Amino acid sequence: MSQLVEFPLDGGGAIRVEIGDEEGVVPVGRAGEVVARAHQTLESALAQLRPVTDAVLRNLRDAAEPPDRVCVEFGVKLAAKGGLVVASGTSEANLKVQLEWNRADPAA
């Protein structure tokens, strides 16, 4: 069964996210509207992705022939207690990295 978790925003206000049940989450709110409060703001939860993206990009930029285009895809799970978790999807990988080179054919 899922529940709503309210993530406060740095600039004020909040966003409600539907998540799966978690142990230790204490629901608050009016009857018929169960909402748990997250332990951190949405922005601080998403900031946890920055070191991962920085590491991927830094390593790819330092390659002998860096790609022209990089696409990094994350499966992200929001949790009231843990904030943000890079979640596994239908496969075992938590990251999907696509690289693209658009260089002219040297034989042409």
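Per an unreviewed UniProt entry, the protein goes by the name Trypsin-co-occurring domain-containing protein and belongs to Micromonospora purpureochromogenes.

Undergrad: Before we move on, can you summarise the pattern of salt bridges with the specific residues and values?
TA: In this structure the tally under the stated criterion is 3 salt bridges. Measuring nitrogen to oxygen at the nearest pair gives 3.3 Å for the salt bridge that ties Arg 16 to Glu 6. Separated by 10 residues along the polypeptide, Arg 16 in strand β2 (residues 14–20) and Glu 6 in strand β1 (residues 2–8) bring together distant segments of the chain. The class of Arg 16 is partly exposed, set by a relative accessible area of 42%. For Arg 69, the salt bridge identified is with Glu 100, shortest N-O distance 3.8 Å. Separated by 31 residues along the polypeptide, Arg 69 in strand β5 (residues 69–74) and Glu 100 in strand β8 (residues 95–100) bring together distant segments of the chain. A relative accessible area of 43% means that Arg 69 is categorised as partly exposed.

Undergrad: How would you explain a nonpolar patch on the surface if you had to name every residue and give the values?
TA: On the surface, a nonpolar cluster with roughly 330 Å² of combined accessible area is contributed by Leu 95, Val 97, Leu 99 and Trp 101. As for its placement among the helices and strands, Val 97 is situated in strand β8.

Undergrad: Give a description of the nonpolar core that names residues and reports values.
TA: The tendency in soluble globular proteins is for nonpolar side chains to be buried as a group. Core analysis: the largest hydrophobic core is formed by 8 residues, namely Val 5, Phe 7, Val 17, Ile 19, Ala 36, Ala 38, Leu 42 and Leu 78. Sorting the residues of this core by element identifies β1 and β2 as the ones contributing at least two each. Those residues in contact with Leu 42, other than ones at most four positions away along the chain, are Phe 7, Pro 8, Leu 9, Ile 15 and Leu 78.

Undergrad: Could you give an account of the side chain of Thr 41, with specific residues and numbers?
TA: For Thr 41, the position within the fold is in the loop between β4 (35–37) and α1 (42–46). Apart from the residues within four sequence positions on either side, Thr 41 is in contact with Phe 7, Pro 8 and Asp 10.

Undergrad: Could you give an account of the environment of Thr 53, with specific residues and numbers?
TA: Considering the arrangement of structural elements, one finds Thr 53 in helix α2 (residues 50–61). Placed 20 residues apart in sequence, Thr 53 and Glu 73 show a C-alpha to C-alpha distance of 9.9 Å.

Reading the values: the criteria
Residues numbered from 1 in each chain as written. Predicted model: local features only at pLDDT ≥ 70, side-chain atom pairs only at ≥ 80, totals over all residues. Heavy atoms only, no water. Salt bridge = Lys/Arg side-chain N within 4 Å of Asp/Glu carboxyl O. Helix = DSSP H or I, 4+ residues; strand = E, 2+ residues; numbered from the N terminus. Buried < 20%, exposed > 50% of the residue type's maximum accessible area, 1.4 Å probe, protein only. Patch = residues over 30% accessible without salt bridge, like charges linked within 9 Å, V, L, I, M, F, W, Y side chains within 5 Å. Areas by Shrake-Rupley, 256 points an atom, 1.4 Å probe, with all protein chains shown as cover. Core = buried A, V, L, I, M, F, W, Y, C linked by side-chain atoms within 4.5 Å. Contact = heavy atoms within 4.5 Å.

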